[in-house]
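Notes for the structure review
Listed below are the residues making up each chain.
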Amino acid sequence: MAALTIRDSKRLVIKIGSALLVDDEGDLRSQWINALVSDAVEMYNSGTEIIIVSSGAIAIGRRILGLSGGPRNRALKLEESQASAAIGQVRLAHAWQEALEKHHIRAAQVLLTTEDTENRRRYLNARSTITTLLKMGVIPVINENDTVATEEIRFGDNDRLAARVAQMISADTCVILTDIDGLYTADPLIDPNATRISSVDTINDQLEAMAGTTSNEDGSGGMVTKIEAARITMQAGCRMAIGDGRTLNPLKAFESDTKCTWFMAQGEPQSARKLWIAASLNPVGTMFVDSGAAQALASGKSLLPAGVSKIDGVFFRGDPVIIRDENGLEIARGLSAYSNEDAVRIRGLKSSEIEKVLGFRGREEMIHRDDLVIT
Ligand code: GLU
């Protein structure tokens, strides 16, 4: 079993709720943000990739707009939330940028909707943007794109957004900072016998019932959405922890299992993603490859346009395709980086010739090895 500490995380998503970032007056808690950032930077400096999922845009924006005395005292109409988010997001992103700049680290703002994590084409784009930022040493600060998300397609809560992001970028750890130090067997405010659960292997009805009893004031989620988030990350091979973020330097709580609840991952993030590519997708096209490419794939390499001899089917960027060898035997499945029309035009070419033929500088790979599984 993996050690229950965030210290050994390779790619860590930190989700921060509005109630931690914004005080009752709707002002940003800069001291808290600075303390969290110094701890995150310490991990960053020892090699952990950090992704921050930050709420707070609506809570800040509504105050600027005069839509409340406090940040959470009345329900806003959808368009009021969206207007608040548009205003508050600028301030929020700036606060993160300022805090990270003190450590000479660049921040990047990424705003996502559910569609960006579910539609495969947009998923591939969001995934490669975030992983490119990480490679550049940047810390992405992510929130829901509240201004364009309509009621039906909203995440609504950043717990689920954080889980989807963790899944999308194959993170190995996701921590949810909230106003309680984990999941309890009953509501600790009501039941004196309630005890904190230190680790969870599987989510069952009993556990969901426990989550339903625990009161939690943080943002829009509550414990129920945190359990939903855990379900997503666990299946994605990413462990998740819920802990109390109210004190300064809250990441310390996740260094052991004595101050938080850990939800254990089922497998590794990369293999969970490959399983998902291999099993749950309905391939819509076929790429036939030469023997050199077939060998390269078998040794774990990406599929380059040069090795593709023939394309069948109609597909878009991000769609699942089957890869067959010269004899027509299936050897792999993957997500195509190109539509069938573009793929036909660049097949057989060197990657350096792609731009000349397509008129834009696309991916070097027809299918990147992270999006490919040998079958
Ligand atoms: N995206 C919302 C915001 O930034 C927060 C949603 C949540 O609290 O989970 O204000």
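Residues numbered from 1 in each chain as written. Predicted model: local features only at pLDDT ≥ 70, side-chain atom pairs only at ≥ 80, totals over all residues. Heavy atoms only, no water.

**Description of the site of the ligand**
The environment of the ligand is formed by 12 residues, the closest being Ala57, Ile58, Asn143, Asp146 and Asn158. Here an oxygen atom of the ligand and a backbone polar atom of Gly56 are 3.2 Å apart. Coverage of the ligand by the protein amounts to 94% of the 300 Å² it exposes when considered alone. Classifying every residue of the shell around the ligand by side-chain character gives 2 nonpolar, 8 polar and 2 charged. (Near = heavy atom within 4 Å. Polar contact = N/O pair within 3.5 Å; in protein donor to acceptor, adjacent residues only side chain to side chain. Areas by Shrake-Rupley, 256 points an atom, 1.4 Å probe, with all protein chains shown as cover. Nonpolar A, V, L, I, M, F, W, Y, C, P; charged D, E, K, R; others polar.)

**Looking at the pattern of salt bridges**
Here the structure, examined in full by the defined rule, presents 20 salt bridges. Between Lys15 and Asp159 there is a salt bridge, and its shortest N-O distance comes to 2.9 Å. With a gap of 144 residues between them, Lys15 in strand β1 (residues 11-16) and Asp159 in helix α7 (residues 158-168) connect regions that are remote in the sequence. The pair Lys15 / Asp159 is uniform in exposure class, with both members buried. Between Arg122 and Glu115 there is a salt bridge, and its shortest N-O distance comes to 3.4 Å. (Salt bridge = Lys/Arg side-chain N within 4 Å of Asp/Glu carboxyl O. Helix = DSSP H or I, 4+ residues; strand = E, 2+ residues; numbered from the N terminus. Buried < 20%, exposed > 50% of the residue type's maximum accessible area, 1.4 Å probe, protein only.)

**Topic: the sheet that holds strand β5 (residues 173-178)**
Reading across from one edge, β3-β4-β2-β1-β5-β7-β8-β6 is the order of the 8 strands in this open sheet, with mixed pairing throughout. Two strands close off the open sheet at either side, each with one partner strand: β3 (107-112) and β6 (199-200). With respect to the sheet, helix α4 (residues 78-101) is in contact with β1, β2 (49-54), β3 and β4 (139-144), its orientation differing from that of β3 by roughly 150°. (Pairing = 2+ DSSP bridges. Contact = heavy atoms within 4.5 Å. Axes fitted to C-alpha atoms, helices over the stretch in contact; angles between N-to-C directions.)

**With respect to the layout of surface pockets**
One simple way to see leftover space: roll a probe sized like a water molecule over the atoms. As a volume, the largest pocket reaches approximately 860 Å³. Taken together, 29 residues form the lining of the largest pocket, with Arg11, Arg127, Ser170, Gln270 and Asp370 sitting closest to its centre. Those elements that place two or more of their residues in the lining of the largest pocket are α6 (120-135) and α10 (269-279). When residues of the lining of the largest pocket are assigned to their parent elements, the largest contribution, 6 residues, is made by α6. (1 Å grid on protein atoms, 1.4 Å probe; cavity = no way out; pocket = protein on both sides within 12 Å on 5 of 7 lines; lining within 4 Å. Points joined across faces, edges and corners; volume = space filled by probe spheres on them.)

**A word on the sheet that holds strand β9 (residues 285-289)**
The 5 strands lie next to each other as β10-β9-β11-β12-β13, forming an open sheet whose pairing is mixed. Here the strands that pair on one side only, and so sit at the sheet edges, are β10 (308-313) and β13 (372-374). Direction aside, neighbouring strands of the sheet carry axes that sit 20° apart on average. Pairing between strand β11 (residues 320-324) and strand β12 (residues 330-335): 5 bridges, direction antiparallel. Bridged to Arg324 within β12 is Glu330. Along the sheet, α10 contacts β12 and β13; its crossing angle with β12, the most-contacted strand, is approximately 110°.

**Structural notes on the packing of aromatic side chains**
For the structure on display, the rule yields 0 aromatic pairs. One cation-aromatic arrangement involves Lys310 over Phe288; the distance from NZ or CZ to the ring centre is 4.6 Å. (Phe/Tyr/Trp six-rings, centres within 6.5 Å; stacked < 30°, edge-to-face > 60°. Lys NZ or Arg CZ within 6 Å of the ring centre and 35° of its normal.)

**Brief notes about α4**
The first and last C-alpha atoms of α4 sit 34 Å apart over 24 residues, in line with the 34 Å expected at 1.5 Å per residue. Largest kink in α4: about 35°, centred on Gly88. The complete set of buried residues in α4 reads Glu80, Ser81, Gln82, Ser84, Ala85, Gly88, Gln89, Leu92, Ala95, Trp96, Ala99 and Leu100. (Expected span 1.5 Å × (residues − 1). Bend = angle between axes of the 7 residues up to and from the residue.)

**Looking at unusual backbone geometry**
Despite not being glycine, His104 has its phi angle at roughly 60°, a positive value. Among the secondary structure elements, His104 is positioned in the loop between α4 and β3. Classification of His104 by relative accessible area gives exposed; the value is 76%. You will see that Ser170, though not glycine, has its phi angle at about 55°, which is positive.

**Here we look at the confidence of the model for the protein chain**
Residues at a pLDDT of 70 or more form 94% of the protein chain, whose mean pLDDT is 89. Of all secondary-structure elements in the protein chain, the lowest mean pLDDT belongs to helix α5 (residues 114-118), at 80, while β2 reaches the highest, 98. Here residues 216-220 is a poorly scored stretch, pLDDT under 50, and it has 18 contacts once near neighbours within four places are set aside; other chains count. (pLDDT = per-residue confidence, 0-100.)

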